[in-house]
Amino acid sequence: MRDHPTATVRTRVRVPLRFGDGYTVDADLVTFHGLVDGAEHLAVVLGDPGPEPLVRLHSECLTGDVLGSARCDCGPQLREAVERIADRGGVLLYLRQEGRGIGLYNKLDAYALQDEGLDTYAANAALGLPEDDRDYTAAAQMLQALGIDTLDLLSNNPDKAEQLRDLGVTVARRVPTGVFTTAHNVRYLRAKVLQTRHTLPLPDLADRTGLTDLTAG
């Protein structure tokens with residue numbers, strides 16, 4: 001188990017959230033002192049978290065979360081997560097890790113390479129960057145500061161659960177998100193399944209996109 005320094009709550013403020021489809025919910029937004037990477041990560045506390053809350057680690061995606069880009073599934077995942085967590089009670093950690101940790105400009109450079117035929121991971125490698133540069137130590141610190149040591153994790157990504165467990169957080173279950181396919185993001189979703197073992201429901205994905213080799217490799 002990896003050790004990490006203790007973080008503390010800096011500010012907690014109630015904010016009404018309003019989404020473009022009309023969904024509304026009130027949330028507590030929590031900031032922190034002492035996060036190891038010095039980034040301004042944010043906890044969104046929704047509903048009444050119990051002893052085993054539903055938690056999502058959501059990496060910032062300006063293009064998807066804010067601009068509604070159809071090249072990824074980040075915006076729909078964020079919207080889904082807020083409602084599911086609010087219904088059950090839990091926390092969404094909004095982590096400032098644009099482009100799986102490589103930053104906005106590099107992510108857009110990678111998009112340009114994807115337009116030439118590379119998948120999302122190969123594009124990062126072609127730029128001399130890690131396929132996934134995210135570290136969830138700050139997330140573990142945030143959970144500890146909120147008094148959460150056991151949770152159900154809303155994620156299709158096994159690496160998130162593995163890192164949290166290695167950091168001393170008990171992940172009781174990993175709960176999959178929905179699948180949000182568009183004509184523009186299917187290659188991206190396919191790469192996540194094949195390269196990093198994301199648990200997307202493959203038959204459904206294949207039916208929607210006409211891909212028949214999603215289980216290869």
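Fair warning: this is a prediction, and the values are worked out from it, not measured in the lab.

(A) Molecular detail of the pairing of strand β6 (residues 150-154). β6 sits mainly inside the fold: 4 of its 5 residues count as buried. Judged from the 2 bridges that link them, strand β4 (residues 54-59) and β6 form a sheet pairing that is parallel. The residue bridging V55 from the neighbouring strand is L153, located in β6. Where β6 lies against strand β7 (residues 170-175), 5 bridges are found, and the strand directions are parallel. Among the inter-strand pairings, D152 is bridged to a residue of β7, identified as R173.

(B) Region of the structure containing the packing of aromatic side chains. One pass over the full model with this rule turns up 1 aromatic pair. Taking 6.1 Å as the distance between ring centres and 45° as the angle between the ring planes, the aromatic pair formed by F19 and Y23 counts as tilted. The partly exposed category is assigned to F19, whose relative accessible area is 24%. The ring of F19 carries R79 above its face, with NZ or CZ at 5.6 Å from the centroid.

(C) The pattern of salt bridges, seen in detail. Overall, the coordinates contain 11 salt bridges when judged by the stated rule. R96 is paired through a salt bridge with E60; the nearest N and O atoms lie 2.9 Å apart. Highlighted residues: R96 in the loop between β5 (90-95) and α3 (104-115) and E60 in the loop between β4 and α1 (62-66), separated in sequence by 36 residues. Look at R96 and you get partly exposed, because its relative accessible area is 39%. Among the charged side chains, a network of salt bridges with common partners joins R12, R14 and D28.

(D) The arrangement of the nonpolar core in detail. One finds L57, L93, L143, L151 and L164 to be the most contacted residues of the largest nonpolar core, which totals 25 residues. For this core, the elements supplying multiple residues, two or more each, are β2 (24-33), β3 (42-46), β4, β5, α5 (137-145), β6 and α6 (158-166). It is α5 that contributes the most residues to this core, 5 residues altogether.

(E) Main features of the sheet that holds β5. The strand order across the open sheet built from 7 strands is β1-β2-β3-β5-β4-β6-β7, with neighbouring strands paired in mixed fashion. Only two strands of the sheet have a single neighbouring strand rather than two, namely β1 (8-18) and β7. Strand-to-strand twist across the sheet, computed as the mean angle between neighbouring axes with direction ignored, equals 30°. The strands touched by helix α2 (residues 74-88) are β2, β3, β4, β5, β6 and β7; relative to β4, the strand with the most contacts, the crossing angle is about 160°.

(F) Spatial organisation of α3. For α3, built from 12 residues, the straight-helix expectation of 16 Å at 1.5 Å per residue is met to within 8% by its first-to-last C-alpha distance of 17 Å. By the burial criterion, the buried members of α3 are K107, A110, Y111, L113 and Q114. All buried residues of α3 lie within an arc of 160° about the axis, which places them on one face of the element. Counted as exposed and oriented over 90 degrees from the buried face of α3: Y105 and D115. The positive-phi residue at the C-terminal boundary of α3 is G117, with phi of around 120°.

(G) Expanded view of the environment of L151. Counting through the fold element by element, L151 comes out in strand β6. Put simply, L151 and R173 are 22 residues apart on the chain and 7.5 Å apart in space, counted from C-alpha to C-alpha.

Definitions and cut-offs
- Residue indices follow the written sequence of each chain, beginning from 1 at its first position.
- Side-chain atom pairs in this predicted model are given and counted only at pLDDT of 80 or more, local residue features only at pLDDT of at least 70, and totals for whole chains, interfaces and linings cover all residues.
- Working from all heavy atoms in the structure, the side-chain values ignore hydrogens and water.
- Three exposure classes are used, based on accessible area relative to the maximum for each residue type with a 1.4 Å probe and protein chains only: buried under 20%, partly exposed in between, and exposed over 50%.
- Secondary structure counts use DSSP, requiring at least four H or I residues in a row for a helix and at least two E residues in a row for a strand, with both numbered from the N terminus.
- By this definition, two strands are paired if DSSP reports at least two bridges between them.
- Each Phe, Tyr or Trp ring (for Trp, its six-membered ring) is paired with any other whose centre lies within 6.5 Å, and the angle between the two planes then decides the class: stacked below 30 degrees, edge-to-face above 60, tilted in between.
- Any Lys NZ or Arg CZ that is within 6 Å of a ring centre and within 35 degrees of that ring's normal is treated as a charge sitting over the ring.
- Here, a salt bridge means any Lys or Arg side-chain nitrogen found within 4 Å of an Asp or Glu carboxyl oxygen.
- Residues belong to a common nonpolar core when they are buried Ala, Val, Leu, Ile, Met, Phe, Trp, Tyr or Cys residues joined through side-chain atoms within 4.5 Å.
- All axes are obtained by fitting lines to C-alpha atoms, using only the stretch in contact for helices, and the reported angles, taken between N-to-C directions, cover 0 to 180 degrees.
- Between two residues, a contact is recorded if the distance between any of their heavy atoms is within 4.5 Å.
- Expected helix span is given by 1.5 Å per residue-to-residue step, counting one fewer step than there are residues.
- The arc refers to the directions leading from the helix axis to the C-beta atoms.

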